Amino acid sequence: MKNLLLFTFATALSVTMISCGQSADEKKADSLQVDSISKSADNDADRMIDSINRADSINTANLKRVADSIHMADSMNAMKKGKK
C-alpha cells in the first residue's frame, strides 16, 4: 500500500512539474515581446545617431561661419592697411 501511494505521489509530482512549464503560445508571446523591445532599442539608437550627426553638421557649419568671418575681417583689415 505504501508503495502504491509513493508511486502515485511521485507520478502526480512529475505530471505537475511537467505541466508547469511554458506552453508554446507563452514562449511565442515572450519571443515576440523580446523582439519588440529589441526593435524599439534599435530605433532609439538610430534616432540618437541621427541626432548626433545633425548636431555635428550644425557645429561644422558654425565653425565654418566663424572661420569665414575671421577671414573676412582679416581681408578688410589688410585692405585698410593697404590704403594707408
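Anyway, here's the lowdown on the structure attached to this text. (Residues numbered from 1 in each chain as written. Predicted model: local features only at pLDDT ≥ 70, side-chain atom pairs only at ≥ 80, totals over all residues. Heavy atoms only, no water.)

1. A closer look at the overall build of the chain
Helices and strands together make up the secondary structure of the chain, namely 2 helices and 0 strands. Taking 84 residues into account, the globule formula puts the C-alpha radius of gyration at 12 Å, and the chain, at 36 Å, lies well above it. With the C-alpha coordinates aligned to their principal axes, the bounding extent of the chain is approximately 125 × 20 × 5 Å. Across the 84 residues in the chain, those meeting the buried criterion constitute 0%. Of the roughly 7,900 Å² of accessible surface on the chain, a fraction of 64% belongs to carbon and sulfur atoms. Side chains of the chain give 12 positive and 11 negative charges; the mean places of these two sets differ by 14 Å. (Helix = DSSP H or I, 4+ residues; strand = E, 2+ residues; numbered from the N terminus. Rg over C-alpha atoms; globule rule 2.2 N^0.38 Å. Buried < 20%, exposed > 50% of the residue type's maximum accessible area, 1.4 Å probe, protein only. Areas by Shrake-Rupley, 256 points an atom, 1.4 Å probe, with all protein chains shown as cover. Lys, Arg positive; Asp, Glu negative; His and termini not counted. Charge placed at Lys NZ, Arg CZ, Asp CG, Glu CD.)

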